[in-house]
Amino acid sequence: MESTLICVLLLLNTLINSGHSEDDDGVSKAVLTIHPNSSQIFSGESVTLRCVIQGGGVTDWEYRWLTPSPDQCPQKEHVCIISAAEFSHSGDYRCLGSHQQQDSKWSDAVRLTVTPLPKATLTVEPNPVFPGETVTLTCSVRSDSIWSYQWYKERNDNVVSQSVGHTRTGDTLTISNVAESDHGLYWCQGEIQSRSISSIISDLVTITLNALPVASVSVSPQGLLYSGETVSLQCVIPGYTDWRYLWFRDNQQLPSQTSKAIDITIPITQTGQAGQYRCEGLRTDQPQRSQPSDDIIISVTALPKATLTVEPNPVFPGETVTLTCSVESDSIWSYQWYKDRNYSVVTQSVRHTITGDTLTISRAAESDQGLYWCQGEIQSRSISSIISDPVTITLNALPVASVSVSPRGLLYSGETVSLQCVIPGYTDWTYRWFRYNHHLPSQTSKAIDITIPITLTVQLGQYRCEGLRTDRPQRSQPSNVVTISVTALPTASVKIVTPQGLLYPGETVTLQCDISDYTDWTYRWFRYNKKLLIHSRKTITISLPDQAGQYQCVGMRKGRPQKSYHSSALPIIITDYQPSTTLTSDKEDVFTGDRVTLNCTVESPGWKFYWYRHTPDSTPVTTTYGNSYTLSWVSVSDGGQYWCRAGRGDPVYYTLYSDPVQINITERPVAVLTLQPNWTQIFIGETVTMRCDIQGGGDSDWNYRWYKNSPVVIPFNIKPEYRISPVYMSNSGSYTCEGVKGNKFCKTSEAVKLTVSDQPQPVLRISPQWLNPGDSVTLSCEVDKTSTDWSFSWYRTVPYRAGLPSLSDKSYSLQPLSGNVTTEDSYTLIPAGPTHTGGYVCRAGRGDPVYDTLYSEPQFLWSGDLQPSASLTVNPNRTQHFTSKSLSLICELKGNSTGWRLKRHTETAWSSECPSTWRSITESTCTITSLDTWYSGVFWCESGSGENSNAVNITVNDGDVILESPVHPVTEGDSVTLTCTFRHQGTNSKPKTDFYKDGTLIKNETTGEMTIPAVSKSDEGFYKCKSDEGESPESWVTMRGVFLVPPGSVVSISLTRLLCGLLVMSPFLLVSIVLMVKCCRARDQIPCDDVIEQNESSV
């Protein structure tokens, strides 16, 4: 049944399908298809029309086409291809098939619409854009979704591709976090890739990257700010209003300040910079933020000082003066004016006008002269400036006219005189002239000319002038009166030029005609009133005795005056004898190196002098134009007899020879300077004596001069010694001396250098510083190595007590040691019992009176032995410790000792007590909570009464290995264990360890420990250990004998008595004594001799 149903259904389906393309009447029908199958075809696109005949069972159809225009499709072909569609191709297309006189039905019409290629449209949102924002570019081609899009920037070949900052999605391109590189031209183009069609490129769109708006801070009030004022800051961001503001001070945000304007009150004491402020804005819309403003520095300055200027100054009577006051060129100030006194305020008056920053004084008078100053005020801010410097207004006198006369000098009859009115400082004067106080109205020029009558030889007149002008000053003071006088002609005079004084037969005489005031004279000479025709010069020469007589002269010249009066007659008189000379010397007995001056005198002047030695008729030693001859730096060979004579004229006229003078020259004595005491090093406060001895000086009547660094310090001293007491640093220098006897000097001494140094401080050294009982100790005191002749004083330190010699810082008083003054620089201590830790000081002295040095710094002698009065113990009980660990130092007191304090000595310094910076104190315990390497040093306890405990040398190591060794000396025969301890023990707490003594390997141990079963003196030395973990510092291990006192003391006597007792006592007593000795060894706190002494008393 089911199979039959299926067959019926298939048959019906076949029938239906076979008749689908035919009409009911069975005729075939054409079916027209188009590709692309779109109602919209773009110009230039390729279109294919295909005609298919359905029904009829015929295949060889011929086709006909109905097209909008003829011949657009080929007839008979079933395919019509339009390779490039144009607008003319738009319209309806139909086709049919023909076969043997049989046509199919026409196909349904297919409408073809050809449109132009569309143009892409590009939109950008937002644009312009701000840095950091996101911009979206949207490309659209009409409203068709079949398009895909391509994006371009700047160039056609520069396609914007997908990247971190660029996202392409459908018709959008999103640019996130926009930067400067995204600025530029953009365009887009649509594509239908299935049809190979591209739209027209969109118009160009420029994406503009705008800068963020810049915030700026405005300050009110403007200008300088002063203490106590309130400053308003306003954040200005242009272009937008809906900002939320952020404020910053010195780069720190002020969270409470979100307003556009904030107020800042400057503290009244504030000066200088009050802060750097800036602001920026935030908003929800674009742009969402601004750039921050530049920093505004709020600076507070001291009140400004007013500046006062005065113009003009000086001022002339009747003028106007303007005073201008300014405070830092700021216009917000008003001004107050003062004169002569702070409380004398200049107020508005008839002649005083105050306008803004100026004070105007009209018609200046004498009362306006004086001191002025001003002060600025800002009344709205209640601020006053500092008062200006005072300015003195000076009222100057009017310029004074003066009359100059030309020609200058004497005026002669017939000459013309020019008078000129000179008024300094100005040129635009109108001049007024007066003669004998009568105005000359016709004379208004600066210069006037006056002709002297030829017969006038007395006063011509008295003249004065004054000036008038339009500018300041408007007038001058009148000139002084100038008297114009006419004088007589100059007078000539005759004088003898050479030779001067007496004239002798055979000499030639030179005469000179002198006429005052002028030089361009032509001269005429007269003898006995007769003109000498051949002479026209100023000087003439005549020969004696032939031309003796009375001579006159007169002068002639071209200038004014043209001639002089005749001179008076000058008689020429002859002396009839030959002149003589007299020779003298300033010194006759001189030293080598001195100067000797010879003087040759003649009764008349004008001579040349000739000097002779040994014989007068020899060749002159020298000639001089002066009457003296000086022998400089004479030697012994310069001694002997000297003569002189004089000559003058040409030919030379000679005088007679002088009598001889004897010059005696001896070697110059030498000064020798010695320094007493003759120490190379002198210190401040000492006494120095310098002695000057004259060697080869003959008698002893010398005076002395002393020099320091060349300048004289003592110009005259009758004693040969110069004492300086006390000396100071300023006395240092190079000293010389010389002897003076009358006008003679000995040779200056060689220089002796005096060097004065600061008061010295000796250096004390102790050897050894760690002491074994009974050993001697050497104290060495060293002063400056270049100084000598010292004696030395030795002291032990005790607690400070007033009245005792003490150190300058009062840390200790000083107790002299036995025989404490020595000439040697060392002192030996020989202890007679147990040694104790203690401090020592030395001082040196020399000279008479004694000059003392400073005290040395205290040095300490340390003993590791426990003391009966107190002992120092450490916890942990070892000498080496790790850094960062704790250490307790315990002063165990015994007896009535009080006032104990912990002392520490390092290589660089020593300090007292237990510093609070690194410890905690509980009674007598000082705890260092965290050790460091600089805590290394020697520690001991000191009592207020001067007792000291044993000393402990502590070493703090910042390495990984230390050596545990005994803190106190070890008694010979005892067992000692040295342990190598590690900062980081790890799993192997006791690695293999090497032990060294005095740098030499002595043992290898795997346990980290080394034991010496019975120590002896030879085991004393420096020990250290080394392993793979590192190397420890060295520690000194001290060995002690059984007894704590040296042989020959109480112990040796006690042993003798003990042995005697053993001869008569029982063996039991002997055993008891032996046990006590062993007990003594085990308890090093109790000296063995104490135990033995107790035994002796019991015996």
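Residues numbered from 1 in each chain as written. Predicted model: local features only at pLDDT ≥ 70, side-chain atom pairs only at ≥ 80, totals over all residues. Heavy atoms only, no water.

### Section: the sheet that holds strand β9 (residues 121-125)
Okay, so step 1: The antiparallel open sheet is built from four strands, whose spatial order is β9-β10-β14-β13. Both edges of this open sheet fall to β9 and β13 (166-169), since each of them pairs with a single strand only. Strand-to-strand twist in this sheet, taken as the mean axis angle between neighbours without regard to direction, amounts to 15°.
Okay, so step 2: With four bridges connecting them, β13 and strand β14 (residues 172-175) associate as antiparallel partners. (Pairing = 2+ DSSP bridges. Helix = DSSP H or I, 4+ residues; strand = E, 2+ residues; numbered from the N terminus. Axes fitted to C-alpha atoms, helices over the stretch in contact; angles between N-to-C directions.)

### Regarding the confidence of the model for the protein chain
Okay, so step 1: In this model, the protein chain carries a mean pLDDT of 83, and residues with pLDDT of at least 70 account for 88%.
Okay, so step 2: Overall, residues 1-24 carries pLDDT values under 50, and its contacts beyond four positions in sequence, including any with other chains, amount to nine contacts.
Okay, so step 3: The model gives residues 917-921 a pLDDT under 50, and that stretch makes 16 contacts with residues more than four places away or in other chains. (pLDDT = per-residue confidence, 0-100. Contact = heavy atoms within 4.5 Å.)

### Overview of the sheet that holds strand β59 (residues 688-695)
Okay, so step 1: On the basis of which strands lie adjacent, the open sheet formed by three strands has the order β57-β59-β62 and antiparallel pairing. Of all the strands in the sheet, just β57 (670-676) and β62 (721-724) have a single pairing partner and so form its edges. Each adjacent strand pair in this sheet contributes to an overall mean axis angle of 15°, direction not counted.
Okay, so step 2: Here seven bridges tie β57 to β59, and the two strands are oriented antiparallel to one another. Along β59, the bridge assignment pairs L675 with M690.

### Details of the pairing of strand β82 (residues 937-942)
Okay, so step 1: With six of six residues buried, β82 is to be regarded as a mostly interior element.
Okay, so step 2: Bridging between strand β78 (residues 901-905) and β82 involves five bridges; their strand directions are antiparallel. Opposite K903, over in β82, you have W940 as the bridge partner. (Buried < 20%, exposed > 50% of the residue type's maximum accessible area, 1.4 Å probe, protein only.)

### Examining the packing of aromatic side chains
Okay, so step 1: The final tally for this structure, using the stated rule, is 24 aromatic pairs.
Okay, so step 2: Aromatic side chains Y504 and Y653 sit 5.6 Å apart centroid to centroid with 10° between the ring planes, which places their arrangement in the stacked category. Placement of Y504 in the loop between β41 (492-498) and β42 (508-515) and of Y653 in strand β55 (residues 653-654) is noted, with a sequence separation of 149 residues between them.
Okay, so step 3: The buried category is assigned to Y653, whose relative accessible area is 15%.
Okay, so step 4: Taken together, a centroid distance of 5.6 Å and an interplanar angle of 45° make the contact between W706 and Y722 tilted. Separated by 16 residues along the polypeptide, W706 in strand β60 (residues 703-708) and Y722 in strand β62 bring together distant segments of the chain.
Okay, so step 5: Relative accessible area serves as the criterion here: at 0%, W706 is assigned to the buried category.
Okay, so step 6: An aromatic cluster of at least three residues, connected via ring pairs, comprises W770, Y812, F860, W862 and W940.
Okay, so step 7: For R557, the ring lying beneath its charged end belongs to Y518, and the centroid distance is 4.4 Å.
Okay, so step 8: Note that R645 overlies the ring of Y654, its terminal NZ or CZ placed 3.9 Å from the centroid. (Phe/Tyr/Trp six-rings, centres within 6.5 Å; stacked < 30°, edge-to-face > 60°. Lys NZ or Arg CZ within 6 Å of the ring centre and 35° of its normal.)

### Things to note about the pattern of salt bridges
Okay, so step 1: Scanning the entire structure with this criterion turns up 35 salt bridges.
Okay, so step 2: The salt bridge partner of E154 is K153, with a shortest N-O separation of 3.6 Å.
Okay, so step 3: A relative accessible area of 38% places E154 in the partly exposed class.
Okay, so step 4: The residue K1026 makes a salt bridge to E1031 at a minimum N-O spacing of 3.7 Å. (Salt bridge = Lys/Arg side-chain N within 4 Å of Asp/Glu carboxyl O.)

### Focus on the state of the cysteines
Okay, so step 1: Counted under the stated rule, the structure contains twelve disulfides.
Okay, so step 2: Residue pairing for C600: its cysteine sulfur links by disulfide to C644, the two sulfurs lying 2.0 Å apart. On the sign convention where negative means left-handed, the S-S torsion of about 80° between C600 and C644 marks this disulfide as right-handed. With C600 in strand β50 (residues 596-602) and C644 in strand β54 (residues 640-648), this pair connects stretches of sequence that are 44 residues apart. Taken as a pair, C600 and C644 share a single burial class, namely buried.
Okay, so step 3: Here C746 is not disulfide-linked; the sulfur of C692 is the nearest cysteine sulfur, at 6.1 Å.
Okay, so step 4: Residue C746 is classed as buried on the basis of its relative accessible area, which comes to 3%. (Disulfide = S-S within 2.5 Å.)

### Quick word on the side chain of S604
Okay, so step 1: Looking at where S604 falls in the secondary structure, it is placed in the loop between β50 and β51 (608-613).
Okay, so step 2: Residues in contact with S604, not counting those within four places in the same chain, are Q500, G501, L502, Y504 and R648.

### Describing unusual backbone geometry
Okay, so step 1: Backbone torsion omega between R560 and P561 reads -10°, so that peptide bond is classified as cis.
Okay, so step 2: Tracing the sequence through the fold places P561 in the loop between β46 (550-556) and β47 (570-571).
Okay, so step 3: The omega torsion of the bond from N875 to P876 falls at 5°, within 30 degrees of zero and hence cis.
Okay, so step 4: Topologically, P876 is positioned in the loop between β75 (870-875) and β76 (880-882).
Okay, so step 5: Unusually for a residue other than glycine, N437 sits at a positive phi of about 65°.
Okay, so step 6: On the secondary structure map, N437 appears in the loop between β36 (430-435) and β37 (438-439).
Okay, so step 7: Of note, S884 is a non-glycine position whose phi angle comes to about 75°, a positive value.
Okay, so step 8: Inspection of the secondary structure assignment puts S884 in the loop between β76 and β77 (887-893).

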